[in-house]
Amino acid sequence: MGTFVQDISDRTKIIASPRLWLEDAAVQQLETTAQLDGMQRVVGLPDLHPGRGYPVGAAFFSLGRLYPALVGNDIGCGMALWQTDLAVAKARLDKIDKQLANLDAPLEDEEWPLLEARDPLLAGLRTELAETLRAAGLDTSHLRSLGTIGRGNHFAELQAVDHVEDDALFAASGLAPKRLQLLVHSGSRGLGEAILRGHVDAFGHRGLAQDTPDAAGYLARHDAALRYAELNRRVIAVRILARLRCSGTPVLDVNHNTVLPAHIDGVDGWLHRKGATPADVGLVVLPGSRDDYSYLLAPRLHADAPSLHSLAHGAGRKWGRSDCKARLVDLATPAQLSRTSLGGRVICADRALIYEEAPQAYKKVDSVLDCLLGAGLATVVARSRPVLTYKTRGECC
């Protein structure tokens, strides 16, 4: 691990080489969070960057109290990877672009039976989710947004494997090197926002004592949001497969924004992840920007858990959203940003968003990966390149 694990204080570590650029504001937010009541350890990952009060790309372990504000407003935001039967060699971007059409709007009632015919599990999962929402005291009208990607850094992306590092793990994963993969990045949509807003209105940011009715209530809503996010990613994937008239199989689904009970350092507490990939659920994806590679990783767990059983969840922003257009508008047009140096295409008709999500706004994913490898936290299974990324067809949805 050596220089890839930096001790900032007795409670704070950062997984990063001295050469990796990290924003001072993000490190300050990490140190401030370490001072919260009951907080035992905090870890910044190589994709660490400032958030709204709390850093993104970090994990936090507390005793006796849990902090919904650390999880944030997109509870269950994460990634699902599916293997499709579309041959890489036959992929035609113009055709795929046309077939996908507009994925921004909610599903129409007549579209559900078509998706359920493709995935017989959807009907039961949707019914179970409705019951879970009602049991947690949540509005079931949020079901209307199932199957929509959302804005910000969310996306759905067709990828092609271009290098396999570990043949055995790759074969066991169920992935096919000559077929396109589908990576879906989304979360709990407006449901997570409603849960956080309700919590902050009632309790502010001071957290909740465990084993209290208030904590139990939040955890029930949190768990409902996780189920929502997981089903949302599944519906998005099946919706895309239906548009492309192909078949697909789920390979993995991982949440990045959670608070869960955990046993660390010999004690039971609460492990919060804010933009962090769990390292204890099997293979995971480390995505780059839309003009960069993504990596399939095999986490390596350590008894001393220097990263709180967590990995980076992406490349990490290096520019604030409000800065991107001013930095890039004289250098690239939206049309130019919709074509990548790796031969891919980006569907994003929102002129502001395509600048906010430009590759230049993110770190190179290899710089983040090198820190994870250097710290001995993961090994590479395979690398993929983006073929077509869907973000939005317009500015209204």
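These remarks concern the structure in this document. Note that residues are indexed from 1 along each chain, following the sequence as it is written. With pLDDT at 70 or above as the cut-off, local features in this predicted model cover only qualifying residues; side-chain atom pairs require 80 or more to be listed or tallied, and sums for whole chains, interfaces and linings still use all residues. Values reported for side chains reflect all heavy atoms of the structure, with hydrogen atoms and water molecules removed beforehand.

Here we look at the overall build of the protein chain
Secondary structure follows DSSP: runs of H or I at least 4 residues long count as helices, runs of E at least 2 residues long count as strands, and numbering of each begins at the N terminus. Across its full length, the protein chain carries 12 helices and 18 strands. Projected onto the principal axes, the alpha-carbon positions of the protein chain cover approximately 55 × 50 × 45 Å. Categorising residues by exposure relies on relative accessible area from a 1.4 Å probe, with only protein chains included: less than 20% of the type maximum marks a residue as buried, more than 50% marks it as exposed, and the intermediate range marks it as partly exposed. Expressed as a percentage of the 397 residues in the protein chain, the buried residues total 56%. Whether two residues are in contact is decided by their heavy atoms: any pair within 4.5 Å suffices. For the protein chain, the share of sequence-separated contacts (at least 6 apart) that also reach a separation of at least 24 residues comes to 77%. Note that accessible areas follow from Shrake-Rupley with a 1.4 Å probe, and for residues the cover is restricted to the protein chains shown. Accessible surface computed for the protein chain: about 16300 Å², of which carbon and sulfur atoms make up 51%. Positive charges come from Lys and Arg alone, negative charges from Asp and Glu alone, with His and the N- and C-terminal ends not counted. Working definition for charges: the position is that of NZ of Lys, CZ of Arg, CG of Asp or CD of Glu. If the 45 positive side-chain charges of the protein chain are averaged to one point and the 47 negative ones to another, these points end up 6 Å apart.

Some thoughts on the packing of aromatic side chains
The rule is short: rings of Phe, Tyr and Trp, with Trp giving its six-membered ring, pair when the centres are within 6.5 Å, and they are stacked under 30 degrees, edge-to-face over 60, tilted in between. Counted by the stated rule, this structure contains 0 aromatic pairs. The side chain of Arg-290 reaches across the aromatic face of Phe-155, ending 3.9 Å from its centre. In this scheme, Lys NZ or Arg CZ marks a charge over a ring once it lies within 6 Å of the ring centre and within 35 degrees of the ring normal. Here Arg-317 stacks its cationic end above the ring of Tyr-362, 5.0 Å away from the centre of that ring.

With respect to the pattern of salt bridges
Salt bridges are defined by distance alone: a side-chain nitrogen of Lys or Arg within 4 Å of a carboxyl oxygen of Asp or Glu. Scanning the model with the defined rule gives 20 salt bridges in all. Between Glu-193 and Arg-197 there is a salt bridge, and its shortest N-O distance comes to 3.2 Å. Placement of the pair is Glu-193 and Arg-197 together in helix α7 (residues 189-203), with a separation of 4 residues, close to one helical turn. The shortest N-O distance in the salt bridge between Glu-356 and Arg-321 comes to 3.3 Å. Taken as a pair, Glu-356 in helix α11 (residues 351-356) and Arg-321 in helix α9 (residues 321-328) lie far apart in primary sequence, 35 residues in all.

Examining helix α3 (residues 93-100)
Every buried residue of α3 is listed here: Leu-93, Ile-96, Asp-97, Gln-99 and Leu-100. Down the axis of α3, the smallest arc covering the buried residues is 165°, so these residues share one side. For α3, exposure combined with an orientation more than 90 degrees from the buried face picks out Asp-94, Lys-95 and Lys-98. If you follow the buried residues of α3, they end up packed against β7 (155-164), α8 (213-243), β17 (345-348) and β18 (378-392). Immediately downstream of α3, the backbone of Ala-101 shows phi near 55°, a positive value. To be clear, the arc concerns the directions from the helix axis to the C-beta atoms.

A few points about the nonpolar core
Generally speaking, a soluble globular protein has its nonpolar side chains buried in company with each other. Take the buried residues of types Ala, Val, Leu, Ile, Met, Phe, Trp, Tyr and Cys, join any two whose side-chain atoms come within 4.5 Å, and each joined set is a nonpolar core. Ranked by internal contacts, the top residues of the largest apolar core, which has 74 residues, are Leu-48, Leu-286, Tyr-295, Leu-296 and Leu-297. Each residue touching Leu-286, except ones within four places of it in the same chain, is listed here: Ser-294, Tyr-295, Leu-297, Ala-312, His-313, Gly-314, Val-365, Val-368, Leu-369 and Leu-372. Of all hydrophobic cores here, the second largest spans 54 residues; its members include Val-71, Trp-82, Leu-129 and Leu-231.

Brief notes about the sheet that holds strand β3 (residues 39-49)
Two strands form a pair only when DSSP identifies at least two bridges running between them. If you walk across this open sheet you meet the 6 strands as β1-β2-β3-β4-β12-β11, and the pairing is mixed. Every interior strand has two partners, whereas the edge strands, β1 (5-7) and β11 (257-264), have only one. Across the sheet, the mean angle separating the axes of adjacent strands is 20° when strand polarity is ignored. One ladder, built from 5 bridges, connects strand β4 (residues 56-62) with strand β12 (residues 267-274); its direction is antiparallel. Along β12, the bridge assignment pairs Ser-62 with Trp-270. Comment: axis = line fitted to C-alpha atoms, over the contacting stretch for helices; angle = value between 0 and 180 degrees taken between N-to-C directions. Strand contacts of helix α1 (residues 24-33): β2 (12-15), β3 and β4, with the helix running at about 165° to β3, the strand carrying the most contacts.

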